[in-house]
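As a plain string of letters, each chain reads:
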Amino acid sequence: DNPAQKSNIANLTALMQTKMAFQQAILEKAQSSHQAAEALIGSLRGKAMTDSLEVILQRMQSQEELLLASRMERNSAMTNLRYTTTVVLGIAAFLLVTGLLYKITREYNLRRNAEQKAQLNEHKYKGLIENSSLVVFTTDLDGNFTYLRGKCKEFTGFTAEELVGENFLSVIEESWRPKAGHSAGAWVSSPRPCWIWSTCFPTRTNAIAGRSSLRKW
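Note that the coordinates shown come from a computational prediction; the quantities given were computed from them, not determined experimentally.

Enquirer: Explanation requested: the pairing of strand β1 (residues 135-139) in the structure shown.
Expert: On a regular strand, each side chain points to the face opposite its neighbour's, so the side chains alternate between the two faces of the sheet. The side-chain alternation of β1 yields one buried face, formed by Val135, Phe137 and Thr139, and one unburied face, formed by Val136 and Thr138. Summarising the sheet, β1 and strand β2 (residues 145-150) pair through 5 bridges and their orientation is antiparallel. Bridge assignment links Val135 to a residue of β2, and that residue is Gly150. Where β1 hands over to β2, the hairpin turn is made up of 5 residues, of which Gly143 adopts a positive phi near 85°.

As structure tokens, then:
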């Protein structure tokens, strides 16, 4: 596809055809007259054409060497480009994987720390509730106990297991029940179905003994 080489090939082809025609003319002259053939050979036209052929061939060889060097340079550049591209892609992939691993590790550590803190807080608050000097409890929307911890036995005379499922009004002193029921009804309409009370109620011991003494909760 090189224009210079195309031109050299065209000139070489034309010169070879001329050389062949000249040789044919010498043969034809030799058949009729040796002197005419020798005169034609002595004209040095054949030598001039041979010299021209050598010049074209040398020029073609030089051009081919230049083309070869250019191809080698381009191939070298392409090889370097491929190598550079491979290295860059490799580094990018490594950085991407490293970033993903860092993100995964960081999220895992954050989640683990959060879980550990949650467990510590759970143990902490569970301990506070279990060892509370008061009674900590929750009820459902109907006022039935769902959870009780703390000094339930000391305050009410009932264990937590005995009171779960019972209505909270069952441990409220009878004269306080209307007020407690009214307050509970107001709280039910709020978005917090979990109640913590501080009120007056009799203990099982007092109820059995028939005494009217009250304890503060």
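And the narrative resumes.
Enquirer: Whenever I open this one, a nonpolar patch on the surface confuses me. Can you help?
Expert: A surface patch of nonpolar side chains, about 550 Å² in accessible area, is lined by Tyr83, Val87, Ile91, Phe94 and Leu95. Structurally, Tyr83 is set in helix α3 (residues 45-130). When its relative accessible area of 59% is taken as the criterion, Tyr83 is described as exposed.

Enquirer: Would you take a moment to explain helix α1 (residues 3-32) for this structure?
Expert: Residues separated by three or four positions in an α-helix point in the same direction, a consequence of the helix having 3.6 residues per turn. The end-to-end C-alpha separation of α1 is 44 Å, in line with the 44 Å expected for 30 residues at 1.5 Å each. Three or more residues of α1 are buried, namely Gln5, Asn8, Leu12, Leu15, Lys19, Phe22 and Ile26. If you follow the buried residues of α1, they end up packed against α2 (34-42) and α3.

Enquirer: What is the right way to look at the packing of α1 against α3 in this model?
Expert: Two packed helices can be described by the angle between their axes and the distance between those axes. In the contact formed by α1 and α3, the axes pass within 10 Å of each other and the chain directions differ by 160°. Between α1 and α3, the interaxial angle falls into the category roughly antiparallel. By crossing handedness, the relation of α1 to α3 is classed as left-handed. A class-by-class count of the residues in the contact of α1 with α3 yields 12 nonpolar, 8 polar and 4 charged.

Enquirer: Help me understand the packing of aromatic side chains, please; the structure alone is not making it clear to me.
Expert: What describes a pair of aromatic rings is the distance from one ring centre to the other and the angle between the planes of the rings. Scanning all chains against the criterion turns up 1 aromatic pair. Between the aromatic rings of Phe137 and Phe145, the centroid separation amounts to 5.0 Å while the plane-to-plane angle is 80°, which identifies the pairing as edge-to-face.

Enquirer: Can you walk me through the nonpolar core in this structure?
Expert: Generally speaking, nonpolar side chains in soluble globular proteins are found buried as a group. Formed by Val135, Phe137, Phe145, Leu148, Cys152, Phe155, Ala160, Leu163, Phe168, Val171, Ile172 and Ala180, the largest nonpolar core amounts to 12 residues. By size, the runner-up hydrophobic cluster in this structure holds 9 residues, among which are Leu12, Leu15, Ile26 and Met49.

What counts, and where the lines are drawn
- Numbering of residues starts from 1 in each chain and follows the order in which that chain's sequence is written.
- Whole-chain, interface and lining totals are the exception, using all residues; otherwise, since this is a predicted model, local features are given only for residues with pLDDT of at least 70 and side-chain atom pairs are given and counted only at 80 or more.
- Note: side-chain values were computed over all heavy atoms of the structure, leaving out hydrogens and water.
- For every residue, the accessible area (1.4 Å probe, protein chains only) is compared with the maximum for its type, and the residue is labelled buried under 20%, exposed over 50%, or partly exposed between those bounds.
- Where helices and strands are cited, they refer to DSSP runs of H or I of at least four residues and of E of at least two residues respectively, numbered from the N terminus.
- Whether two strands pair depends on DSSP finding at least two bridges between them.
- Patch membership requires more than 30% relative accessible area and the absence of a salt bridge. Residues of like charge join within 9 Å; the nonpolar side chains Val, Leu, Ile, Met, Phe, Trp and Tyr join within 5 Å.
- Accessible surface is estimated by sampling points in the Shrake-Rupley manner with a 1.4 Å probe; for residues, cover comes only from the protein chains shown.
- Any Lys or Arg side-chain nitrogen found within 4 Å of a carboxyl oxygen on Asp or Glu counts as a salt bridge.
- For a helix, the expected span equals 1.5 Å multiplied by the number of residues minus one.
- Residue contacts follow a heavy-atom distance rule, with two residues in contact if any of their heavy atoms lie within 4.5 Å.
- Every angle, taken between N-to-C directions, lies between 0 and 180 degrees, and every axis is a line fitted to C-alpha atoms, over only the stretch in contact when it is a helix.
- By the definition adopted for this analysis, an angle is roughly parallel if under 35 degrees, roughly antiparallel if over 145, roughly perpendicular if from 65 to 115, and oblique otherwise.
- Crossing chirality is assigned from the near helix's rotation relative to the far helix, an anticlockwise turn below a right angle marking it left-handed and a clockwise turn marking it right-handed.
- Each residue receives one of three labels: charged for Asp, Glu, Lys and Arg, nonpolar for Ala, Val, Leu, Ile, Met, Phe, Trp, Tyr, Cys and Pro, and polar for the others, Gly being one of them.
- For this analysis, a ring pair means two rings from Phe, Tyr or Trp (six-membered ring only for Trp) whose centres lie within 6.5 Å, classed as stacked if their planes differ by under 30 degrees, edge-to-face if by over 60, and tilted for the remaining angles.
- For our purposes a nonpolar core is just a set of buried Ala, Val, Leu, Ile, Met, Phe, Trp, Tyr and Cys residues, chained together by side-chain atoms within 4.5 Å.

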